[in-house]
Amino acid sequence: MHMQQHQVLILDFGSQYTQLIARRVRELNIYCEIHPYNKQPPNASDFSAVILSGSPSSVRTDDAPHPDLSEIRGKKPMLAVCYGAQYLAHFSGGKVAPSDTREYGRANLSFIKDNELFFSEISEGSQVWMSHSDTIKELPTNAILLASTSDVANAAFRIDGEDTFAIQFHPEVYHSTDGKQLLENFLVKIAGIKQTWTPNSFVETTVANIKQTVGDDKVVLGLSGGVDSSVAAVLLHKAIGKNLYCIFVNNGLLRKNEFESVLNQYEGMGLNVKGVDASARFLKALKGLSDPEKKRKAIGNAFIEVFDDEAHEIENVKWLAQGTIYPDVIESVSVNGGPSATIKSHHNVGGLPDFMKLKIVEPLRMIFKDEVRRVGASMGIDPELLGRHPFPGPGLAIRILGDITPEKVAILQEVDAIFINGLKESGLYDKVWQAGAILLPVNSVGVMGDERTYEKVVALRAVESTDGMTADWVNLPYEFLQKTSNQIINKVKGVNRVVYDISSKPPATIEWE
């Protein structure tokens, strides 16, 4: 879907930092894509520059990632980061061995040779972030040393006669203070890439691609009321107008009164939206299920069945559109099938079953959440809608730990409404990236009046983030938490204890399931 000019190809060797490389490149208004080292795109030679990521592997092992760089090296500007640098050294006449000293954490550049990569503000003393157990003992053939630290003699080098550069540190992490400048030097000064990838250019390119791909076909889109599906809808509407049919499904797991309020929200946006109440169908599919993955898959299957039914009501519909975004793809399929471990599956990732005759279109598949918001703003979408917190596709089903019942859903809807409305009334909502309540599968002893109670426990969760890949818990004021806890316990029958989640991602995830 992206016929972008001046693309950057990032080859992933399984590093947890790979997505951060993409974030930093995008922040420079340069489009990039992540692909597994062993599943390079067929048009790899069309990219303007290539970045090799780090890896938890060692180049010295038999099963180390071993990419075919024959179509890239020496033909395209290349920046090899950490494992990538060691790979170039190991297989090009250099020597990589276990490090004699600890090479993890902050370090400072003690020597820099005049060169294009370290041009501008980067100087001796600049802080960089190391994260490796092997080190480059000897440079590869025809290599020129560019930088060192007190512990890492060969911290950076280039191959003479090629625009091939290698660094043993991670410029993508915030701890490398001049990392963004280094990436800009490589991409702009060395590779000659223009910084033209903006929200407006994304809209223009994506609308053109949708028109070319979809043509005069009809498209059905599942709206959720959230940012992703709404921005996807407006993009598609720009491209195909009345041929877009939007469906908003009540899966019985939405927030309190959300079905009605979301339908009202879309009035006046010019979208063709149909509301479908399928709550009984979803709750039936979830009956007796406690395992998070089984719940997600049951909801995903039910969504597909509902869309299939509704699609049959539209004559000659050929496409199903989804609001899938890049973090969904990364977490579900390990960077498009790369070597990293799968974290959890997402209900809207992974294609369609054979019985559905619809092709899939995902206009936001390659952009991050903050980029989705900027794209929406560039198209004039209501700031209140764009500022809405993310809400999981499976809804409250993955915020109810254990099996799902209508009674549990009703309890959590009331708790969630008190928490979210409280954040809005206190002016805290826009300071939080995502918030919600979780119904725990435990009861606790309490006392109300003179009577003993044995009722449910709920956890409140509020995090700050930019794209959902990492997140920190929000230090909400004690007074707010105290007031919210009192309101929940006094107003929601069946709850007698409220706790606050102070876990960050990683090691926890934002959702509990």
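Before any of the text, the structure's been laid out above.
Quick notes on the rules
- Along each chain, residues carry numbers from 1 onward, in the same order as the chain's sequence is written.
- Side-chain atom pairs in this predicted model are given and counted only at pLDDT of 80 or more, local residue features only at pLDDT of at least 70, and totals for whole chains, interfaces and linings cover all residues.
- In computing side-chain properties, one takes all heavy atoms of the structure into account and sets aside hydrogens as well as water.
- To form a nonpolar core, buried Ala, Val, Leu, Ile, Met, Phe, Trp, Tyr and Cys residues must be joined to one another through side-chain atoms within 4.5 Å.
- Burial classes: relative accessible area under 20% of the type maximum marks a residue as buried, over 50% as exposed, and values in between as partly exposed (1.4 Å probe, protein chains only).
- A run of H or I in DSSP counts as a helix once it spans at least four residues, and a run of E counts as a strand once it spans at least two, with each numbered from the N terminus.
- Pairs of residues are marked as contacts when any of their non-hydrogen atoms sit within 4.5 Å.
- By salt bridge we mean one thing: a side-chain nitrogen of Lys or Arg within 4 Å of a carboxyl oxygen of Asp or Glu.
- Both site types are read off a 1 Å grid over the protein atoms alone. A 1.4 Å probe that fits but cannot get out defines a cavity, while an open set with protein on both sides within 12 Å along at least five of seven lines defines a pocket; lining residues have an atom within 4 Å of a point.
- Grid points are joined across faces, edges and corners, and a volume is the space filled by probe spheres set on the points.
- For this scheme, ten residues count as nonpolar: Ala, Val, Leu, Ile, Met, Phe, Trp, Tyr, Cys and Pro. Four count as charged, namely Asp, Glu, Lys and Arg, and the remainder, Gly too, count as polar.
- Only when DSSP finds a minimum of two bridges between them are two strands counted as paired.
- Every axis in this analysis is a line fitted to C-alpha atoms, fitted for helices over the stretch in contact. Angles between the N-to-C directions lie between 0 and 180 degrees.
- In what follows, roughly perpendicular refers to angles from 65 to 115 degrees, roughly parallel to angles under 35, roughly antiparallel to angles over 145, and oblique to any angle outside these ranges.
- Left-handed describes a crossing whose near helix is turned anticlockwise from the far helix through less than a right angle; right-handed describes the clockwise counterpart.

### Focus: the nonpolar core
- Counting 81 residues, the largest nonpolar core has Ile51, Leu79, Leu117, Phe118 and Val231 as the members making the most contacts within it.
- For this core, the element with the highest residue contribution is helix H5 (residues 227–240), accounting for nine residues.
- Filtering out sequence-adjacent residues up to four positions away, Leu117 remains in contact with Leu79, Ile122, Leu146, Phe165, Ile167, Leu182, Asn185, Phe186 and Ile190.
- Ranked by size, the runner-up nonpolar core spans 48 residues in total, among them Val220, Phe307, Val458 and Val474.

### A closer look at helix H10 (residues 369–378)
- With respect to burial, H10 is a largely interior element, seven of its ten residues being buried.
- For H10, every residue scored as buried is listed here: Lys369, Asp370, Glu371, Val372, Arg373, Val375 and Gly376.
- Buried residues along H10 sit in contact with helix H1 (18–27), helix H4 (199–214), H5 and helix H11 (383–386).
- Downstream of H10 by one or two residues, Gly380 has phi in the positive range, about 80 degrees.

### Concerning the pattern of salt bridges
- Applying the stated criterion across every chain yields a total of 23 salt bridges.
- For the salt bridge of Glu305 with Arg281, the shortest nitrogen-to-oxygen distance reads 3.5 Å. Of this pair, Glu305 sits in helix H8 (residues 292–312) while Arg281 sits in helix H7 (residues 279–286), placing them 24 residues apart in sequence.
- Across the pair Lys297 and Glu293 runs a salt bridge, and its minimum N-O distance is 3.5 Å.

### Some details on empty space enclosed by the protein
- Under the defined criterion, the tally for this structure stands at two cavities of 30 Å³ or more.
- Taken together, the elements giving at least two residues each to the lining of the largest cavity come down to strand S7 (127–131) and helix H3 (179–190).
- Along the lines of polarity and charge, the residues of the lining of the largest cavity split into six nonpolar, four polar and one charged.
- In terms of lining, the second largest cavity is formed by Arg399, Gln434, Ala435, Gly436, Ala437, Ile438, Arg461, Ile510 and Glu511.
- The leading source of residues in the lining of the second largest cavity is strand S17 (residues 434–448), at five residues.
- Class assignment of the residues belonging to the lining of the second largest cavity gives a composition of four nonpolar, two polar and three charged.

### Description of the sheet that holds strand S12 (residues 218–223)
- The sheet built from five strands is open, its strands ordered S14-S13-S12-S15-S16 with parallel pairing. Edge positions in the sheet fall to strand S14 (273–277) and strand S16 (359–361), since each of these pairs with one other strand and no more. On average, adjacent strands in this sheet sit at an angle of 30 degrees to one another, irrespective of strand direction.
- Sheet analysis places S12 next to strand S13 (residues 244–250), joined by five bridges and oriented parallel. Among the inter-strand pairings, Val219 is bridged to a residue of S13, identified as Leu244.

### Quick word on the packing of H5 against H10
- Interhelical geometry of H5 versus H10 gives an angle of 45 degrees and a closest axis separation of 10 Å. Classified by the interaxial angle, the pair formed by H5 and H10 is oblique. Of the two elements, H5 crosses H10, and the hand of that crossing is left-handed. For the pair H5 and H10, contact is made by Val227, Asp228 and Val231 and by Lys369, Val372, Arg373, Val375 and Gly376, respectively.
- A breakdown of the residues in the contact of H5 with H10 according to their chemical character gives four nonpolar, one polar and three charged.

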